[in-house]
Amino acid sequence: MEKGKIKNFFPGGNTSQGFYSFYDYLPYKTERAFIIKGGPGTGKSTFMKKIGYEMTEHGYNIEFHWCSSDNNSLDGVVIPALKLAILDGTAPHMIDPENPGAVEEIVNLGEYWNSSYLRKHRQEIIKLNKLIKKRFKQVYHYLKIAKLVHDEWESYYIEGLNLNKANQKIAEIIDLILTEKSPSTPGPGRHLFASAITPGGVINYFDNLTEEIGRRFIVKGEPGTGKSTLIKKVADVIAKYGYEILYLHCGFVPESLDAIIIPGLDTAIINGTPPHTLEAKRDGDQIIDMMACVNLTVLKQYADEIAEVKSLFDGIMKRVFNHLKQAKETHDEIEEFYITAMDFKQVENKRKEILREIFEL
């Protein structure tokens with residue numbers, strides 16, 4: 001039996017708007033969901049990972065949805081062929097079942113912990129949770145400042161951008177993609193992140209998500225050269241022709257797009273600039289250089305300002321990553337209390353029970 005493939009996403013992100021969630025799009029087109037409840041360190045992520053990997057061994061393609069606050073932990077697993085999802089239902093993505101029993105089932109790992117042990121360490125846990133909240137408050141404070149600095153960085157390139165040339169590139173891409181133009185009902189869309197700002201740095205899964213896509217347009221250019229606008233305008237046109245589109249938003253500015261994938265046209269358009277650098281390395285790859293739309297004479301007069309603002313942005317982002325790492329380290333301390341309190345044999349028995357239910361489907 002051929003092993004199933006894994007697609008990787010982030011359903012939420014640490015952004016300039018704070019924690020931003022597309023969690024509603026995680027259980028996409030599913031008809032059954034297991035919602036896992038429990039504290040940090042109770043084994044939720046391991047529970048989901050084990051089921052996910054076991055399903056790939058049986059030939060099922062799956063989706064892993066990773067946590068932006070701990071890039072080694074899962075927020076959810078989707079098994080599209082079974083129309084089934086397993087979700088972390090704890091903060092910051094609180095989920096309550098709409099159709100309990102019929103569609104969603106609560107799996108409470110809190111049944112398997114030693115409550116008296118946790119109560120004994122109540123004050124330490126409360127103190128550490130307060131510290132985590134403080135760390136994330138600092139993260140989002142600096143991300144908001146970074147966005148203001150980034151806006152200034154963009155402004156110099158926007159001033160030099162030739163809109164006519166940029167729009168011409170958009171029209172050329174649309175003509176290449178749409179060989180038959182017969183408008184239909186606007187196609188369905190799914191919104192997620194392919195990249196995220198995490199304690200491990202900026203992590204992205206663009207190559208993974210476009211592994212089976214034959215044609216990729218990789219958009220290059222500095223901030224303010226219209227990369228996200230190009231992707232959005234192409235998506236707006238493509239949607240009118242009834243194609244299903246996967247919208248992958250920017251992990252820093254979530255209202256902006258970093259990529260779209262149109263499986264029905266075997267096509268993806270991706271922002272291939274740092275921090276998620278992507279180069280043309282496949283036969284179907286084509287570079288779209290937005291710097292060709294910029295008046296370099298305008299940029300030369302702002303060379304010092306651009307260098308200064310870029311350096312300032314990098315310095316702020318270092319603070320962001322530092323606070324994310326500290327929040328993760330504090331979270332790990334809390335996990336130790338729950339790890340000690342848990343009966344993981346019971347958790348494993350529950351996982352096997354859920355796996356049997358899945359195979360019955």
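Above this note sits the structure.
Cut-offs and rules
Residues numbered from 1 in each chain as written. Predicted model: local features only at pLDDT ≥ 70, side-chain atom pairs only at ≥ 80, totals over all residues. Heavy atoms only, no water. Helix = DSSP H or I, 4+ residues; strand = E, 2+ residues; numbered from the N terminus. Expected span 1.5 Å × (residues − 1). Buried < 20%, exposed > 50% of the residue type's maximum accessible area, 1.4 Å probe, protein only. Arc of directions from axis to C-beta. Contact = heavy atoms within 4.5 Å. Salt bridge = Lys/Arg side-chain N within 4 Å of Asp/Glu carboxyl O. Pairing = 2+ DSSP bridges. Axes fitted to C-alpha atoms, helices over the stretch in contact; angles between N-to-C directions. Core = buried A, V, L, I, M, F, W, Y, C linked by side-chain atoms within 4.5 Å. Parallel < 35°, antiparallel > 145°, perpendicular 65-115°, else oblique. Left-handed = near helix turned anticlockwise from the far one by under 90°. Nonpolar A, V, L, I, M, F, W, Y, C, P; charged D, E, K, R; others polar. Patch = residues over 30% accessible without salt bridge, like charges linked within 9 Å, V, L, I, M, F, W, Y side chains within 5 Å. Areas by Shrake-Rupley, 256 points an atom, 1.4 Å probe, with all protein chains shown as cover. Lys, Arg positive; Asp, Glu negative; His and termini not counted. Charge placed at Lys NZ, Arg CZ, Asp CG, Glu CD.

Q: What is the right way to look at helix α6 (residues 227-239) in this model?
A: Between its terminal C-alpha atoms α6 stretches 18 Å, which fits the 18 Å expected from 13 residues at 1.5 Å a residue. Taken together, the buried positions of α6 are occupied by Lys227, Leu230, Ile231, Val234, Ala235, Ile238 and Ala239. Down the axis of α6, the sector holding all buried residues measures 155°, keeping them to one side. Looking at the buried side of α6, the elements it contacts are α4 (163-177), β12 (215-220), β13 (245-249), β14 (257-262), β15 (267-271) and β16 (285-289).

Q: Before we go on, may I ask you to explain the pattern of salt bridges in this structure?
A: When their charged atoms lie close together, side chains carrying opposite charge are able to pair. Across all of its chains, the model carries 20 salt bridges by this definition. One salt bridge connects glutamate 63 with arginine 190, and the closest N-O pair in it is separated by 2.8 Å. With glutamate 63 in strand β5 (residues 62-67) and arginine 190 in strand β9 (residues 189-193), the pair connects residues that are 127 residues apart, well separated along the chain. The residues glutamate 63 and arginine 190 share a single accessibility class, namely buried.

Q: Is there a simple way to think about the pairing of β12 in this case?
A: Looking along a regular strand, one sees side chains alternate from face to face of the sheet. Buried residues dominate β12, accounting for 5 of its 6 residues. Note: β12 against β15, 5 bridges, orientation parallel. Counted as the bridge partner of arginine 216 is alanine 268 from β15. Bridge analysis of β12 against β16 gives 5 bridges, and the strand direction is parallel. Counted as the bridge partner of lysine 220 is aspartate 289 from β16.

Q: Any chance you could explain the sheet that holds β16 here in plain terms?
A: Sheet strands pair by backbone hydrogen bonding; their relative direction is either parallel or antiparallel. Judged by pairing direction, the sheet is mixed, and its 6 strands sit side by side in the order β9-β13-β14-β15-β12-β16 without closing on themselves. A single partner strand is all that each edge strand has here, and the edge strands are β9 and β16. Going from strand to strand, the sheet's axes swing by 20° on average, the running direction of each strand aside. Bridge analysis of β9 against β13 gives 5 bridges, and the strand direction is parallel. Paired with arginine 190 across the strands is leucine 246, a residue of β13. Where α4 meets the sheet, it contacts β12, β15 and β16, and its direction lies at approximately 175° from that of β12.

Q: Quick question: what am I supposed to make of the nonpolar core here?
A: For soluble globular proteins, nonpolar side chains are generally found buried alongside one another. Counting residues in each nonpolar core, the largest one holds 61 residues, and the members touching the most others are Leu230, Val234, Ile260 and Ile269. Counting only elements with at least two residues in this core, the list comes to α3 (122-160), α4, β12, α6, β13, β14, α7 (296-300) and α8 (303-341). Every residue in contact with isoleucine 260, bar those within four places of it in the chain, is listed here: Ile231, Val234, Ala235, Ile245, Leu246, Tyr247, Thr267, Ala268 and Ile269. Grouped together as the second largest cluster of nonpolar side chains are 42 residues, Ile36, Ile51, Val107 and Leu209 included.

Q: Help me out: how do you make sense of the packing of α3 against α8 in this one?
A: When two helices pack together, their arrangement is given by the angle between the helix axes and by the axis-to-axis distance. At a closest axis distance of 8 Å, the pairing of α3 and α8 adopts a crossing angle of 160°. Looking at the two axes, α3 sits roughly antiparallel to α8. In this structure, α3 meets α8 at a crossing whose hand is left-handed. Its residues assigned to classes, the contact of α3 with α8 comprises 26 nonpolar, 7 polar and 7 charged.

Q: Looking at this structure, how should I read a negative patch on the surface?
A: On the surface, Glu152, Asp304, Glu305 and Glu308 cluster together into a patch of negative charge. One can find aspartate 304 in helix α8.

Q: Could you clarify how one ought to interpret the packing of helix α1 (residues 44-57) against helix α9 (residues 344-360) in this entry?
A: Two elements in contact, α1 and α9, have axes whose closest approach is 10 Å; the angle formed by their N-to-C orientations is 40°. Judged on the interaxial angle alone, α9 and α1 are oblique. Between α1 and α9 lies a crossing whose hand is right-handed. Within the contact between the two elements, α1 uses Phe47, Lys50, Ile51, Glu54 and Met55 and α9 uses Val347, Glu348, Lys350, Arg351, Ile354, Leu355, Ile358 and Phe359.

Q: Please clarify how the environment of glutamate 54 should be interpreted in this entry.
A: Tracing the chain through its elements places glutamate 54 in helix α1. Given the relative accessible area of 27%, glutamate 54 is considered partly exposed. C-alpha separation for the pair glutamate 54 and lysine 3, spaced 51 residues apart in sequence, amounts to 9.9 Å.

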